[in-house]
Amino acid sequence: MEDVKYSISAINSPSDALGRAVETRFTEFCKNALSVDEETFTQAMKLFKDSKHLLLTNMSGVGSGTPEEAERFWFAFVLYSIKRLSERNEDEVKQGTYEKGLTLCQILRVAKINIVDFFKELPQFVMKAGLVLSNLYGADWEKRLEAKELQANFVHLSLLSKYYRRAYNEFFLTRDANGDSQSAVAGSMGSLSDYHRFGWLLFLALRNHAFSRFKDLVTCTNGLVSVLAILIIHVPTSFRKITFQDSPRFVKKSEKGLDLLASLCNIYETSEDELRRTLEKANNVMADILKRKPCPASECKTGNLDGIDTDGLVYFKDLMEDSSLSSSISILEKDYDDAIRDKVDLDERLFVNDEESLLGSGSLSGGSVNISGAKRKIDSMSSPAKTITSPLSPHRFPSPSHANGKMAPTPVSTAMTTAKWLRTVISPLPSKPSPELERFLSLCDRDVNNDVTRRAHIILEAIFPGSSLGERCATGILKNASLMDNIWAEQRRLEALKLYYRVLEAMCVAESQVLHASNLTSLLTNERFHRCMLACSAELVLATHKTVTMLFPAVLERTGITAFDLSKVIESFIRHEDSLPRELRRHLNSLEERLLESMVWEKGSSMYNSLIVARPALSSEINRLGLLAEPMPSLDAIAAHINGGLPPVPSLQKHETSPGQNGDVRSPKRVCTDYRSVLVERNSFASPVKDRLLAFNNHKGRLPPPLQSAFASPTRPNPGGGGETCAETGINIFFSKILKLAAVRINGMVERLQLSQQIRESVYCLVQQILSQRTSLFFNRHIDQIILCCFYGVAKISQLNLTFREIIYNYRKQPQCKPQVFRSVFVDWSTASRNGRTGQEHVDIITFYNEIFIPSVKPLLVELGPDGATLKSNCAPEVNRNNDVQCPGSPKISPFPTLPDMSPKKVSASHNVYVSPLRSSKMDALISHSSKSYYACVGESTHAYQSPSKDLTAINNRLNGTRKLRGALNFDDADVGLVSDSLVANSLCLQQNGSCASLSGLDF
């Protein structure tokens, strides 16, 4: 597609002529460049015309901000959307006459966009064009678009392809031992042989035919390991790098020889039973697709099997011979073409092709995108930002050699280690309540054992549904894929069920100790509490397996609860499951951060149902915007939705539909006790937010209050709260957590911007006042949007030379940054009196600041000036997009919560050892091979599922030993890596509170 030149006047004032010119280029893009059929073009042009005005008015916010690039992105978005959302003729699909559709890769090649940039910008299109898409394709368009799932799939495949390449290169050569080169494709990361390509194509066939819907990372890793086993058995021995006899990696041996599968399981932390089942499926796929007859390996005489215990293995004769290898690759290629015929998905073969330019130079992780080298309009004022990784994404570790034969930690190996916990700790548990839990359930005012077990089965069936009849396939290997779906779902249900019962029992024991009673009727008959616990258990199972098709917040939708509901149990859940791996603790805490920053403020949050009770003055605004949560669906309604209904339970139905009860089932004897410290009670685990929030906990030495008070009816009086209702107590706790999160983020921005402590305190004071006096500014918005506006407002009132561009530039470096935060802010123009606009829309943050924020917050800003109110009305610190207007005045100093001391501390009188937080500025030094400093960092526990306090003891024992230590400390078999600043902040604060803590970094 030819580059397009625009005049500035045309861009600033979109005209019909410009619109027609863009339509002409879109027509050329579709018909000439992509050769789409007439039906596809008609649908594409319809969507393009309906959304064209959005493109013309938002060009500066798409891509790098140039009109040419914005146009190419929009063309790609439109075609991707119509191919995903348009209805196909199912008869043509079944008969194979359906025209082969476009793949995403074809669209992006023509548009000259790489995949990473596409996913980075797609949320903008989804948000801006949402109403248009809804009108054309129905209310469920976003679910059918599957943009998040496709992005997660790309992330997983990126990780898996690197994992596979690394493993392949450890086992095989690109040339045989005699120097003969096998046909290869030159890539940027080395030569890729046909054997390597065959393995990847076989893996893709296994995904398409055996894994079906649930292409989770753990299952796919098992698939890759099974492919490695097949390659080890079949690739000529002259291409092997290792020998089985003396290799330290293959340690599982018997009298019959090497136990290949057990050795691979030992290396890659996979389950041997799962690997054997997956290998059997892979063999079946080869037999069905390649039309080759397998034979027991024990009956085959070949040098490839020398030294290997062949029991249970299958061998395909001549599979890797030159004469048949090319044919097998061609067959697998055709099979893949057929599999994606009617889908606008990624062409997953690109990971073994020479297409680095299409993949992109950055990475997608944790739902956010990190670009290294992408230029942004907002960054033009300074040097390009360094890549900042998301707190949800795994750290990059150095690649030390491991004497025990295990690979250095990677995102995939970390996932497999976490899955091992689920397999070894949770799976062996019984799938029913333990005798102790049954005792608590039977001691309620009525025995609720049956209610608890029935509810658990219904809710988990809703979260992990089996294949419906409409999705089952009639014949062939696809029928096996459907069967595997059901098996996979049943396994995940059992894991979540066992985890739920285990944590529920621990919570009951703790609650009984707090209440000095075993009758926990109020808690154990609360429908909302149980659903939150089940959702939390299911989310951990999903996070362990890293599924693509059920991303958060899927568990909220399927259980009928809201983000505010789930936030009430996260901390208690973690506190009562000691064995929870650190990665899962981090996952739950990152979810809580996500809930606090935006999800609890979204329309339909049950937080608003409590807020109208706690703050009656806000009820009219809440009702006007329609923010209240819908009633929680009954259990019977969920059961009926799953499979036609189960026998009703009158007691549950009665309580779930009782007005004013919020779905709660309580004993009238129970009262709502003091709830003030339940959400700030701390524990010693790593978290992006909660570790740092530990510094704010002033409830030392106090037992946590009963958990059941968190789920009491909002209107119920709270005798321990000085006449407050439970809603008031709960909202106060919730607001305190919001302020703590805001304090952490304000402090991070102050450090990046190198501002004074006065500015920090003034910004925090302003956020406090807005939350208390202008609460509605948070409605339907992200808390960072308010914080960024506060920074600019305080800067102007303080006569500080700080532009909004500088604020946004530095905010983009924060780990939680998402472009939507400053590009798309919710505005309801009915509350504004400017520009004559009406309705609701999303605008950029500067428009929000000028039109909504300043008119509302100006009196609060004035109070920050000298003597409280000396600023004149004509000095309102509004944004001038070209020349920032500065106003006189300086802020008063206001209290800011105490944060942990971040300076290094000497921890040993006899050793020159200091403990310091891992600052982002030190990250590069830590991972640099040329670093002159030596660090010992605890990334994972020194032993499996060990607490941080024991890690500290292990480190202290080494420091206090008599043996002279030189160089870096040896942590035996630990996977040594980097830990976030928040973990260290948590550790330091715990030390100050007299508790055990874990170390993050030791500087020598």
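Every chain is numbered on its own, with residues counted from 1 as its sequence reads. It should be noted that, the model being predicted, local features are given only for residues of pLDDT at least 70 and side-chain atom pairs only at 80 or more, the latter also being counted only at that level, while totals for whole chains, interfaces and linings use all residues. The side-chain numbers reported here are obtained from all heavy atoms of the structure, hydrogens and water having been left aside.

(A) Region of interest: the nonpolar core. Here, nonpolar core means buried Ala, Val, Leu, Ile, Met, Phe, Trp, Tyr and Cys residues that are tied together by side-chain atoms lying within 4.5 Å of each other. Exposure is judged per residue with a 1.4 Å probe applied to protein chains only, and the accessible area is read against the type maximum: over 50% gives exposed, under 20% gives buried, and values in between give partly exposed. Grouped together as the largest cluster of nonpolar side chains are 137 residues, with contacts concentrated most on Phe-464, Trp-601 and Phe-853. Per the convention used, a helix needs a DSSP run of H or I reaching at least four residues, while a strand needs a run of E reaching at least two, with both numbered from the N terminus. Ranked by residues supplied to this core, first place goes to helix 32 (residues 726-753) with 13 residues. Any two residues having at least one pair of non-hydrogen atoms within 4.5 Å are treated as being in contact. Setting aside chain neighbours within four positions, we find Trp-601 in contact with Leu-596, Met-607, Tyr-608, Phe-734, Phe-735, Ile-738, Leu-771, Phe-778, Phe-779, Asn-780, Arg-781 and Ile-783. Counting 127 residues, the second largest nonpolar core, distinct from the first, contains Met-45, Phe-154, Ile-233 and Tyr-336.

(B) Layout of unusual backbone geometry. The linkage connecting Phe-552 with the following residue, Pro-553, adopts the cis geometry, with an omega of 15°. For Pro-553, the position within the fold is in the loop between helix 22 (527-545) and helix 23 (554-559). Phi is positive for Lys-546, close to 55°, though the residue is something other than glycine. Among the structural elements, Lys-546 can be located in the loop between helix 22 and helix 23. Residues other than glycine seldom take positive phi values, yet Asn-780 does so here, at roughly 65°.

(C) Geometry of the packing of aromatic side chains. Side-chain rings of Phe, Tyr and Trp, where Trp is taken by its six-membered ring, are said to pair if the distance between their centres is within 6.5 Å; with planes under 30 degrees apart they count as stacked, over 60 as edge-to-face, and otherwise as tilted. Applying the stated criterion across every chain, the model contains 35 aromatic pairs. Geometrically, the ring pair formed by Tyr-168 and Phe-172 is tilted, given 4.9 Å between the ring centres and 40° between the ring planes. By definition here, charges over rings are those cases where NZ of Lys or CZ of Arg is within 6 Å of the ring centre and within 35 degrees of the ring normal. Seen from the ring of Phe-440, Arg-439 lies directly overhead, with NZ or CZ sitting 4.7 Å from the centre. Lying over the aromatic face of Trp-488, Arg-492 brings its terminal NZ or CZ to 5.2 Å of the ring centre.

(D) Geometry of helix 19 (residues 449-463). Over its 15 residues, helix 19 runs 21 Å from end to end, which matches the ideal 21 Å to within 8%, given 1.5 Å per residue. Of all 15 residues that make up helix 19, eleven are buried, and the element is covered over most of its length. Every buried residue belonging to helix 19 is among Asn-449, Asp-451, Val-452, Arg-454, Arg-455, Ala-456, Ile-458, Ile-459, Leu-460, Ala-462 and Ile-463, and all of these are buried. Every helix has an expected span of 1.5 Å times one less than the residues it contains.

(E) Broad picture of the packing of helix 27 (residues 607-614) against helix 32. Note on definitions: angles span 0 to 180 degrees between N-to-C directions of axes, and those axes are lines fitted to C-alpha atoms, for helices only across the stretch in contact. Packing of helix 27 against helix 32 leaves a shortest axis separation of 8 Å and a crossing angle of 115°. Handedness of the helix 27/helix 32 crossing: left-handed. Every residue of helix 32 that contacts helix 27 at Met-607, Ser-610, Leu-611, Val-613 and Ala-614 is listed here: Ala-727, Glu-728, Ile-731, Phe-734 and Phe-735. Here the term charged refers only to Asp, Glu, Lys and Arg, the term nonpolar to Ala, Val, Leu, Ile, Met, Phe, Trp, Tyr, Cys and Pro, and the term polar to all other amino acids, Gly among them. Looking at the contact of helix 27 with helix 32 residue by residue, the class counts come to eight nonpolar, one polar and one charged. By definition, any crossing whose near helix is turned counterclockwise from its far helix by less than a right angle is left-handed, and any crossing with a clockwise turn is right-handed.

(F) Structural detail: the pairing of strand 9 (residues 825-828). Residue alternation in strand 9 divides its side chains into two sets, Val-825 and Val-827 and Phe-826 and Asp-828, and both sets are buried. If DSSP finds at least two bridges between two strands, the strands pair. Examined bridge by bridge, strand 9 and strand 10 (residues 840-843) share four bridges and lie antiparallel to one another. Across the sheet, the residue bridging to Val-827 is Glu-841, located in strand 10.

(G) Expanded view of the environment of Arg-341. Considering the arrangement of structural elements, one finds Arg-341 in the loop between helix 15 (322-339) and helix 16 (356-359). For Arg-341 and Thr-103, which are 238 residues apart along the polypeptide, the C-alpha to C-alpha distance reads 8.5 Å.

(H) A look at the pattern of salt bridges. A carboxyl oxygen of Asp or Glu within 4 Å of a side-chain nitrogen of Lys or Arg is what we treat as a salt bridge. Across all of its chains, the model carries 36 salt bridges by this definition. The shortest N-O distance in the salt bridge between Glu-38 and Lys-31 comes to 3.9 Å. Exposure remark for Glu-38: the relative accessible area of 51% places this residue in the exposed category. According to the relative accessible area criterion, Lys-31 is partly exposed, its value standing at 35%.

(I) Region of interest: the packing of helix 34 (residues 783-797) against helix 35 (residues 804-811). Where helix 34 contacts helix 35, the axes come no closer than 10 Å and their chain directions differ by 140°. In terms of orientation, helix 34 lies oblique with respect to helix 35. With respect to the hand of their crossing, helix 34 and helix 35 are arranged in right-handed fashion. Together, Asp-784, Leu-788, Cys-789, Phe-791 and Tyr-792 of helix 34 and Phe-804, Ile-807, Ile-808 and Tyr-811 of helix 35 make up the contact between the two elements. The residue makeup of the contact of helix 34 with helix 35, split by class, is eight nonpolar, no polar and one charged. Angles below 35 degrees are treated as roughly parallel, those above 145 as roughly antiparallel, those between 65 and 115 as roughly perpendicular, and all remaining angles as oblique.

Remember that the coordinates give geometry; whether it matters functionally is a separate question.
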